[in-house]
Amino acid sequence: MLTYTKTPDSNVAEIVVDGKITDEEMNAAMTAMKADLDKGGKIKLLEDIRAFEGMEPAAFFKDPRFGISMMKSISHVALVTDAPWLKALAETFNFVSPTQIKVFERARLEDARNWLAAAA
């Protein structure tokens, strides 16, 4: 499951991943995020990775291209996960990304939200 939500009066969006990501879910999330990014300004993103069990092939090939193109419009990413490999990947990517990325354990979800709210 993949969901994307953002309230109209906020510059913080949340993505939740819980299980396997389908092509349909990826399309819906990408469409919603693109609409928010097209409004201008930068957004902050909370990625709540509860469980990741892979992606359908069509969804997999969309994700890297979209992710790279949107990074210039995202100022901060709070990655919430207990998966060691995702933490390591995010920490490595943080060195080459123009986006500020901070990793939080699942038990610190509210800390991640607070970090994004306070981020300038």
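Our subject is the structure that appears above.
Everything numeric in this text was worked out from a predicted model, so none of it was measured.

Asker: It is not clear to me how the pattern of salt bridges should be interpreted in this structure. Could you clarify?
Answerer: Close approach of charged atoms allows side chains of opposite charge to pair. Evaluation of the coordinates by the stated rule reveals 7 salt bridges. Across the salt bridge formed by E14 and R113, the nearest N and O atoms sit 2.8 Å from each other. Here R113 lies in helix α4 (residues 109-118) and E14 lies in strand β2 (residues 12-21), a separation of 99 residues in the sequence. R50 is paired through a salt bridge with D48; the nearest N and O atoms lie 3.1 Å apart. With relative accessibility at 1%, the residue D48 sits in the buried group.

Asker: Help me out: how do you make sense of the environment of F93 in this one?
Answerer: Relative to the helices and strands, F93 is located in helix α3 (residues 84-93). C-alpha of F93 to C-alpha of T22: the two residues are 71 residues apart in sequence and 25 Å apart in space. With near-sequence residues (within four places) excluded, F93 lies in contact with M71 and I101.

Analysis parameters
Residues numbered from 1 in each chain as written. Predicted model: local features only at pLDDT ≥ 70, side-chain atom pairs only at ≥ 80, totals over all residues. Heavy atoms only, no water. Salt bridge = Lys/Arg side-chain N within 4 Å of Asp/Glu carboxyl O. Helix = DSSP H or I, 4+ residues; strand = E, 2+ residues; numbered from the N terminus. Buried < 20%, exposed > 50% of the residue type's maximum accessible area, 1.4 Å probe, protein only. Contact = heavy atoms within 4.5 Å.

This is a description of form; function is not addressed.
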